[in-house]
Structures are given as C-alpha cells and as structure tokens.
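# Architecture at a glance
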Amino acid sequence: PFPSVSKRPHPSRRFRTRSSPTEPWVPASPRLQRRAAAVNHIYTAMVRGVHRAPTPTAVRECPTLGSRCRTPAAFKRKGMWDDTLVVFSTDNGGPVYGNGTAGANNFPLRGGKMNNWEGGIRGNAFVSGGFLPPSRRGIKWDGLAALWDWYATFSALAGVDATDHRAAKASLPPIDSHDLSAFLLGKTLASPRAELPIGTEPRLSNLSSAPLCASYNRATPYYDEPSVVGDEPKPLPDSPPPGSRCTTVSALIVDEGKGGLWKLLTGTVEQAMYTGPAYPNSTTDEVSSHFVSHCGDGCLFELRADPLETSDLASRHPQRLARLRAKLEAYEATAFNPDRGGNTAAACEHAQGVYRGFWGPFMR
C-alpha cells in the first residue's frame, strides 16, 4: 500500500512508492465477496473493486484502494504533483482457464494468463502525473516494452545507475531492462526495446542450447495445480526421454520496424482459443484438446497485421523463422537458470517475521 504522503518529512525529498492491490486476484472485502458469489461474476467484482470510488465504506473495506484514490489530491496539497509520475500496469492477461470459471475475458485476443499467446502477455498500462509533459498526455503508444523495463526507467528518472555491479563481479548476467524515459518525456518516438524473449517454466524443447531436463533440481517447486484445468502443461515431465532438453525461454518477439513485428512460439502452447464478447457462454470448451497448438520448431506471426494470431506464417517465411529461432537459441544459452533449491520453512518464517508479510532474502 501507499505510505501516507503527509508523513513525508519534506516535499523536496525524492522517493518511490508502490501499491499492489489484491482485488484483481481475490476480492478482499465481505461486500466484494458477496458480489463475487456467482462464479462468473468473480472477475467483474475484482475489477470493480479496483475502480470503485473511495467512499467511506470503500476506504474502510480496502485501505490500499482509499490511499491510492486519494494520492493525487494529497500530492497536490503538498505541492509535489508536478514532480510525480504515476504508473498503473497489469502484469499479464486475464485468466480464461477452467472452462471460463476463472472469470476473465481477453476478447478479441487469443489465450490468456499462464500461456504466451497475446491474450496472456499483452497487458494494458497508463502513465499519468504532473511530471508527464503535456504533449505526452492523452496519447496511445504501441511500442514494444516489458513490465521489467520500469526498473531501468525509474532508475534513469531518479538519476541512479541501474547496473547491478555486484552481480557483474559475480559473473552473473546483466539485467534485461530498457530505459523508457526518453519516450515518456517526448525525446523519442521509438522504443529502446527491439526484442523481447518470453519465458516459461521448464518445458520440453528441441532447442539445442536448452539444458538437459535431468539437470533441473526436482525438489524445486514449480507452479502445477491439477485442479485448475487448462491453465498450462505440467513443467518438467516426470519421465523425460533420455537426453531430452527443457527450456525456460520458449518464445520471442522482434520489432523489425517497417519490416514487421514478428513473434515466434515454440513447443506446446495451450489455450489456443478465442473467447467471445461474452465469456463463458454456451459454446465454451476451453479444455478441449483441439485448443492446444503444437508449434514444434516454431509458429510465426506478424503482430501488427495479425494481433489475433490467426495466421501461422512459418511455412511462408522459412528464412525469418530460422533467424528468429537462432535468436531464441542465443537467449536460451544465456538464460539465468540457477539451482533454486526446494521448499524451506525459513522463507516463510522470514516473510512473516523479519519482513512483516513480504518475501525477502532468507539464506545466511
């Protein structure tokens, strides 16, 4: 939640604050829970919980919402609004699995949360605040960017070096974050990001640079919820064929400017389906085996002309397919993939005790 602006020692002090409301996942208040009693209304209740006005009841039921809604007025009262940048962003597309019982709808895009179709990874965001130049307000931008690009962007705006020098001394790979501040301030119309590798939990792959499936620590917990039907394939197959490889980088988007915005998907991709304007409906069958794409060496889409991913162009552009696969191989070869260990009580103990409800380092 946002800290109280009134408690800041002086308006000239530079600081960053972040709010992650829980309503887009689980309605927190009794009133929202009653509204979400009907399964198909859950997501609607979540979204309404984020957007509703900060009435006394709303503030009482959702303190983070109240402070978030009051923030612009508070900053203006302190004379800080002209130096404030507000970023509001989703982290992924809405969940459409479980034959629609998850409650979201990414119409007209294909797929949803837990896969790499555009419905799963193309997210909405907006930037506001008095710091945003007037010429940049009220416009729409479709440049290539990732949620983790905000790290380098905020660092640049704060005058901080985003380089992790300590990691570099330990021979760890550099951060994958691009500074978007020049675009935000109107100094350029182009995105600094031209390529976006897209990850996954370890999956069977024919990428030659992927590590052997047998090299992964089986004790490491990966997301796998059998009760949620149709969300994604199980990571790390129980009995992979000898010599088989498992990748954590399964897709890639490359912006070639006038040459197109190209997307490569590899392997098995579930939720290869489209929702209607109203979803679920009488024809919903999201868990059908018909809605699984077996991309193998690659499915290829040009997203500017075909954002709905309806036409696989792999057979028509074999040379471009080969170039993108070579790029994907290179990204997989440099993917940071350490042994992440297994479940440990120390992580929960630190989160509940030392960090008062937040995850943080727990190893000594």
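Scroll up for the structure.
In this report, the structure presented in the accompanying data block is examined. Quick caveat: nothing in here was measured; it's all calculated off a predicted structure.

### What about the side chain of S244?
Topologically, S244 is positioned in the loop between β3 (195-205) and β4 (245-255). For S244, a relative accessible area of 15% corresponds to the buried category. For S244, the side chain forms a polar contact with the main-chain oxygen of P241, separated by 2.7 Å.

### Here's the deal with the state of the cysteines
Inspection of the entire model under this criterion finds two disulfides. C213 shares a disulfide with C246; S-S distance 2.1 Å. Taking the sign of the S-S torsion, about 95 degrees here, the bridge from C213 to C246 comes out right-handed. Pair noted here: C213 is in the loop between β3 and β4 and C246 is in strand β4, with a separation of 33 residues, a long-range link. For the pair shown, C213 and C246 are each scored as buried. Sulfur-sulfur distance for the disulfide between C295 and C299 comes to 2.2 Å. Its S-S torsion of approximately -105 degrees makes the covalent link between C295 and C299 left-handed. Taking the relative accessible area as the measure of exposure, C295 reaches 6% and is therefore buried.

### Describing the pattern of salt bridges
Counted according to the given criterion, the structure contains 10 salt bridges. In this structure, the salt-bridge partner of R203 is E201, at a minimum N-O distance of 3.7 Å. On the basis of relative accessible area, R203 is assigned to the buried category, the value being 13%. Connected via shared salt-bridge partners are E118, R122, K263 and E309.

Calculation rules
- What you see as residue numbers is a count from 1 along each chain, following the sequence as written.
- A pLDDT threshold of at least 70 governs which residues receive local features in this predicted model, and a stricter bar of 80 or more applies before side-chain atom pairs are shown or counted, although totals over entire chains, interfaces and linings include all residues.
- As a rule here, side-chain values cover all heavy atoms of the structure and leave hydrogens and water aside.
- The helix and strand labels rest on DSSP assignments: H or I over at least four residues marks a helix, E over at least two residues marks a strand, and numbering proceeds from the N terminus.
- Residue exposure (1.4 Å probe, protein chains only): buried if accessible area is under 20% of the type maximum, exposed if over 50%, otherwise partly exposed.
- For this analysis, a polar contact is any N or O atom pair within 3.5 Å, provided that within protein one partner can donate a hydrogen and the other can accept it, and provided that sequence-adjacent residues contribute only side-chain to side-chain pairs.
- The disulfide definition used here is simple: a pair of cysteine sulfur atoms within 2.5 Å.
- Salt-bridge detection follows one rule: a side-chain nitrogen of Lys or Arg within 4 Å of a carboxyl oxygen of Asp or Glu.

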